[in-house]
Amino acid sequence: MAPMHTTALVLFSGGQDSTTCLAHALSHYERVETVAFDYGQRHQVELGARLNVLREIRAQFPQWVLKLGEDHLLDLAVLGKVSETSLTRDTAFKMEASGLPNTFVPGRNLLFLTLAAALAYRRGLQVIVTGVCETDYSGYPDCRDDTMKAMQLALSLGMDQRFLIETPLMWIDKAATWELARDLGEKSGTPQGGQALVDLIVEHTHTCYLGDRAHRHVWGYGCGTCPACELRARGFEKYQAAGPVRLSSA
Ligand code: ZN
């Protein structure tokens, strides 16, 4: 079946989720570009991780190299000016009375998607791929499926250009995200590509809220105790407990 869409822009932060989304896009589309936003994150570690991931993908997945186009980094310092959160300021992670973690940056994903769509418009890219997920502990309202559908409609109408917002991780947990990465790597054309992609994600992606790259665990680097590390560790443990590599037939 010929795909209706052939080009994609991936919101790529350098974490496990967005790296899996990048692999998904490289498996499904002919031309793929990446974008990230610099909004004064506490940790430039994340922005460094994304360059390492791109370098390793280019080194290890020759079939994907041909499809992987420009990488864009957009300055969004204004977001840090209007938000007071533990991602943009030097405050500790905690849950707020609202039930949302204080890492919630109001409107962040709405801004990201709007800017991504503006970039996609200019670059002639049809699909916007983002690693948002409803099964995440955080429950960010701007990551929910209804929000994505509303944004897809608003952006398509407002730019008079049909955009598809694709969310490969929306309904799966972190263990299934590792499985998805393994399956995508397996089909990449690289020998033992499944394990290679899992290893790449373990070694080079960054998730820890504290920006810790000093402590190496089986699931990668991080402090091991912040909510992001705990989620990643639990997911990896469950993924490994599921047993030997199950090759998908698709
Ligand atoms: Zn951590």
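Preceding block: the structure.
Residues numbered from 1 in each chain as written. Predicted model: local features only at pLDDT ≥ 70, side-chain atom pairs only at ≥ 80, totals over all residues. Heavy atoms only, no water.

Participant: Sorry, what's going on with the coordination of the zinc ion here?
Facilitator: Working reference: metal with six octahedral donors, ideal angles 90 or 180 degrees; metal with four tetrahedral donors, ideal angle 109.5 degrees. On the protein side, the zinc ion has C208 (SG), C223 (SG), C226 (SG) and C229 (SG) as donor atoms, found 2.3 to 2.4 Å from it. Coordination at the zinc ion is tetrahedral, judged from the four donor atoms that bind it and the angles of 105 to 116° they form at the metal. For the zinc ion, all donor residues lie on one chain, and their spacing in sequence is C-x14-C-x2-C-x2-C. In this pair, C208 sits in the loop between α8 (193-204) and β6 (216-217) while C223 sits in the loop between β7 (220-221) and α9 (227-241), placing the two residues 15 residues apart along the sequence. Here C223 falls in the buried class, since its relative accessible area comes to 19%. (Donors = N, O, S within 2.8 Å, 3.2 Å for Na, K, Ca; no water. Tetrahedral: all angles 85-135°; square planar, octahedral: opposite > 155°, others 65-115°. Helix = DSSP H or I, 4+ residues; strand = E, 2+ residues; numbered from the N terminus. Buried < 20%, exposed > 50% of the residue type's maximum accessible area, 1.4 Å probe, protein only.)

Participant: Help me out: how do you make sense of the pattern of salt bridges in this one?
Facilitator: Charged atoms that come close allow side chains of opposite charge to pair. If you walk through the whole model with that rule in mind, you get 10 salt bridges. Put simply, E33 and R123 hold a salt bridge, and the shortest N to O gap is 2.8 Å. Highlighted residues: E33 in strand β2 (residues 31-38) and R123 in helix α5 (residues 108-123), separated in sequence by 90 residues. One continuous salt-bridge network, built from bridges that share partners, spans R31, E33, E70 and R123. (Salt bridge = Lys/Arg side-chain N within 4 Å of Asp/Glu carboxyl O.)

Participant: Looking at this structure, I do not really get the nonpolar core. What am I missing?
Facilitator: A general tendency of soluble globular proteins is for nonpolar side chains to be buried together. One finds V10, L11, L22, I57, L113, I128 and L197 to be the most contacted residues of the largest nonpolar core, which totals 64 residues. Not counting residues within four places of it along the chain, the set of residues in contact with I57 comprises L22, L26, W64, V65, L68 and L200. (Core = buried A, V, L, I, M, F, W, Y, C linked by side-chain atoms within 4.5 Å. Contact = heavy atoms within 4.5 Å.)

Participant: Sorry if this is basic, but what is going on with the environment of P141 here?
Facilitator: By secondary structure assignment, the location of P141 is in the loop between β4 (127-129) and α6 (145-158). Sequence separation of P141 and G107 is 34 residues, and the distance between their C-alpha atoms is 9.1 Å.

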